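Here are the chains, one letter per residue:
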Amino acid sequence: MALTDLKKPEVKKPDLDTPEVDPTLGRRRFLRWGIYAIGAGVAGVLAVPVVTTFINPAVRPKRAEVKAQVGEQAAAQLGITTDKFQPLTVQPVLYTDVFKQMTLDGKDVFVKAKTENPTTAADYLILDATCTHAGCTVQYDDAKDQFTCPCHNAVYDKTGKNVAVAPKPLGVYNVKLEEGRLFIDAFQTFE
Amino acid sequence: MANRVYEWVDERTGIKPALDYVMYRRIPKNVNWFFTLGSASLVVFIVQFVTGIFLGMFYVPSNAPVVTPTGTSNEALESLKYLTSQVPMGEFLRGMHHWGATLMIIVVFLHMLRVFFMGSYKYPREFTWLVGVVIFLLTLAFGLTGYFLPWDNKAYWATAVTVKIAESAPVLGPPLKEILQGGPTLGVATLSRFYAIHVLLLPIIMVSMVGLHLFLVVKIGISGMPSGKNKDATKDGYFDVADPKVKKAGRAFFPYIIFKDAVVAVVVVAIIVFLAITKPPEYSNAITLNNSISTIIHSDNTSTQLPPQPEWYFLFLFQFLKYFPPEFNFGFFSISGEAVGGIIIPTILILLLFATPFLDRGPKRNPLNRPITVLSMIAVLIGIVILTVVAFIDNANFGKVKPASVPSSSVFVPAQPNNLSIEAFGGAPSVVYTG
């Protein structure tokens, strides 16, 4: 065999620009993973505020602790006695949560003392004025010492227990006494 | 696993050849960092799109009165304040959208300048340029409508100024004003209108236009620097990505070219994040029925007079208007200075922008070979920069001078907010919140 018959072996030059190239090649591999990392980083930066705010309604505290003052003055000046209920207005509540359409401006409650000289929150009984039948505002009948509802003649006794028409007793508020003033939980509901 | 899913999808859609075409298409080797501005614009647009969707979940486009400890506010402003003060990361989300808007205008504008100065709008990219100008105008429209949505004093005055300028347009002005406002006054109808335009109309048009723009970019290819083979916009010079002969002249888009884009994306997003964290957007006073005094409350609780002015990127136009006389009277015909400076001249400039590829038709791309085109743009840019700087200086002095001396011409005083109709506010407050 003559020497000229020997062909120069064909060496295939790697083409860096074609996608079929060996993926272990350094520069190309670095760029590829760099792009993926950057893409993931940018997506992450976007995802953090987006996901945090999106799921917020599910993770934030269900009910804010918001107090509403009962009457305008200190408890001692409100004329609360043990024998008759005192109709009082809850002071306007200011609350930030726009998505909680909540107002206690001008809400009516009925307050009575359980003992002669009330000194603690537990000494007060505060009833919600919302009728448990159809949601009207009940009225306190001084003479009979009972509550009646003008809408469908529901009747509650002097403890707020339902006597006629209404399915449930009047709601009883959790009371707070701070610096001599009476407060109720603004968002307390009676299910 | 990912490969098998991809193959499964490809077998049923034939997506692989299309993706390969997009990802491995050839890009001229001489593209440099200037050519990343387009993808940077896309990145900011995506940031705006995503953050906007989630802002929309909290924003309430309503001016129902809301009682706060600092006075009566409105639901639109309070819904944003709720997001930024009560929801974790809420302020960051809004900050990203706010600064993203600013950055988008800067990046889109710079991208347009790059294309302009390098003559990339020439054959065969004239149509790509036209779509690009539309995208630029849409970006400004996004800024204009979005700025109004917080429904505070700053938003009110900026929009009042804009509407006033629109009203000055010859013949079409008065109906245009009512169409923009959605009624005779700036009120809740305007809020609904701007909201719908900002979140429904503009995004639909924008996504279509960006899609078309990208399609053209991929289809026709990148122009490259105006040098070497690409220096002239001729049939020979144009970079045909489909032509196998040019394979050696270019590099694959992925991963070589896109890597630069990715680096710029990181820089752009980092700037947005940095600004959103260090300079969260402030609120000025809420627009309410009796709120006729324009003041801004700063975080240190000092309030200053708020000059009625648009967002910074429209400031040059606002300043430009101040140098026009109230009226040009030609005897047989008169027109307000506001109409000339605020409508006619900007419209001519926009039309010139559209017409650029048809006015500058020579094949030469190098800016040195196109002195008239390039010098005209430089003159306009210098004008814009000077007017913006003067406006900023004027505004910095705003609180220090007698309010009566600013603004000087009566045509720039927008309608007072107490012109808002009582009906628009829907009666007494029914919902009570704290701010």
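This text goes with the structure placed above it.
Residues numbered from 1 in each chain as written. Chains lettered and ligands numbered in written order. Predicted model: local features only at pLDDT ≥ 70, side-chain atom pairs only at ≥ 80, totals over all residues. Heavy atoms only, no water.

Peer 1: Give a description of the overall build of chain B that names residues and reports values.
Peer 2: Scanning chain B from terminus to terminus reveals 14 helices and 9 strands. When the 435 residues of chain B are sorted by exposure, 47% land in the buried category. Considering only intrachain contacts with a sequence separation of at least 6, the fraction spanning at least 24 residues in chain B is 75%. Element-wise, carbon and sulfur atoms account for 70% of the exposed surface of chain B, whose accessible area totals about 20800 Å². (Helix = DSSP H or I, 4+ residues; strand = E, 2+ residues; numbered from the N terminus. Buried < 20%, exposed > 50% of the residue type's maximum accessible area, 1.4 Å probe, protein only. Contact = heavy atoms within 4.5 Å. Areas by Shrake-Rupley, 256 points an atom, 1.4 Å probe, with all protein chains shown as cover.)

Peer 1: Tell me about the environment of tyrosine 195 of chain B, and name the residues and values.
Peer 2: All names here are of chain B. Here tyrosine 195 shows up in helix α9 (residues 188-220). Measuring from C-alpha to C-alpha, the distance between tyrosine 195 and phenylalanine 148 comes to 8.6 Å, with 47 residues separating the pair along the chain. Every residue in contact with tyrosine 195, bar those within four places of it in the chain, is listed here: Gly56, Tyr59, Pro61, Leu149 and Leu200.

Peer 1: Kindly report on the packing of helix α1 (residues 26-59) of chain A against helix α3 (residues 37-55) of chain B, identifying the contributing residues and their values.
Peer 2: Where α1 of chain A contacts α3 of chain B, the two axes come as close as 10 Å, and the packing angle between them is 10 degrees. Accordingly, the angle class assigned to the pair α1 of chain A and α3 of chain B is roughly parallel. Between α1 of chain A, through Leu46, Val50 and Phe54 of chain A, and α3 of chain B, the contact on the second element is made entirely by Ile46, Val47, Val50, Thr51 and Phe54 of chain B. Of the residues belonging to the contact of α1 of chain A with α3 of chain B, the class tally is 7 nonpolar, 1 polar and no charged. (Axes fitted to C-alpha atoms, helices over the stretch in contact; angles between N-to-C directions. Parallel < 35°, antiparallel > 145°, perpendicular 65-115°, else oblique. Nonpolar A, V, L, I, M, F, W, Y, C, P; charged D, E, K, R; others polar.)

Peer 1: Give me the lowdown on the pairing of strand β9 (residues 175-178) of chain A, citing residues and values where you can.
Peer 2: Residue and element names in this part refer to chain A. Taken together, the 4 bridges between β9 and strand β10 (residues 181-185) define a ladder with antiparallel strand orientation. The partner of lysine 176 across the bridge, within β10, is phenylalanine 183. Joining the antiparallel neighbours β9 and β10 is a turn of 2 residues, in which glutamate 179 adopts a positive phi near 50 degrees. (Pairing = 2+ DSSP bridges.)

Peer 1: Help me get a handle on the sheet that holds β9 of chain A, residues and values and all.
Peer 2: All names here are of chain A. Read across the open sheet, the 3 strands follow the order β1-β10-β9; overall the sheet is antiparallel. Every interior strand has two partners, whereas the edge strands, β1 (67-69) and β9, have only one. Across the sheet, the axes of successive neighbouring strands diverge by a mean angle of 40 degrees, strand direction being ignored. In the sheet, β1 pairs with β10 via 3 bridges, with the strands oriented antiparallel. Within β10, the position partnered with glutamine 69 by the bridge is phenylalanine 183.

Peer 1: Could you give me a rundown of helix α12 (residues 337-359) of chain B, with the residues and numbers involved?
Peer 2: Residues and elements named next belong to chain B. The end-to-end C-alpha separation of α12 is 28 Å, well short of the 33 Å expected for 23 residues at 1.5 Å each. Residue leucine 353 marks the point of greatest curvature in α12, where the axis turns by about 40 degrees; the proline proline 357 follows within four residues. Those residues of α12 lying buried are Gly337, Glu338, Ala339, Val340, Gly341, Gly342, Ile343, Pro346, Leu353, Thr356 and Pro357. (Expected span 1.5 Å × (residues − 1). Bend = angle between axes of the 7 residues up to and from the residue.)

Peer 1: Explain the nonpolar core to me, and be specific about the residues and the numbers.
Peer 2: If you look at the biggest cluster of nonpolar residues, it comprises 47 residues, and the most contacted ones within it are Met96, Trp129, Met206, Val268, Ile272 and Leu353 of chain B. Secondary-structure elements contributing two or more residues to this core are α1 of chain A together with α3, α5 (90-117), α6 (126-148), α9, α10 (253-278) and α13 (371-396) of chain B. When residues of this core are assigned to their parent elements, the largest contribution, 11 residues, is made by α5 of chain B. When neighbours within four sequence positions are excluded, valine 268 of chain B is seen to be in contact with Ala40, Val44 and Leu103 of chain B. (Core = buried A, V, L, I, M, F, W, Y, C linked by side-chain atoms within 4.5 Å.)

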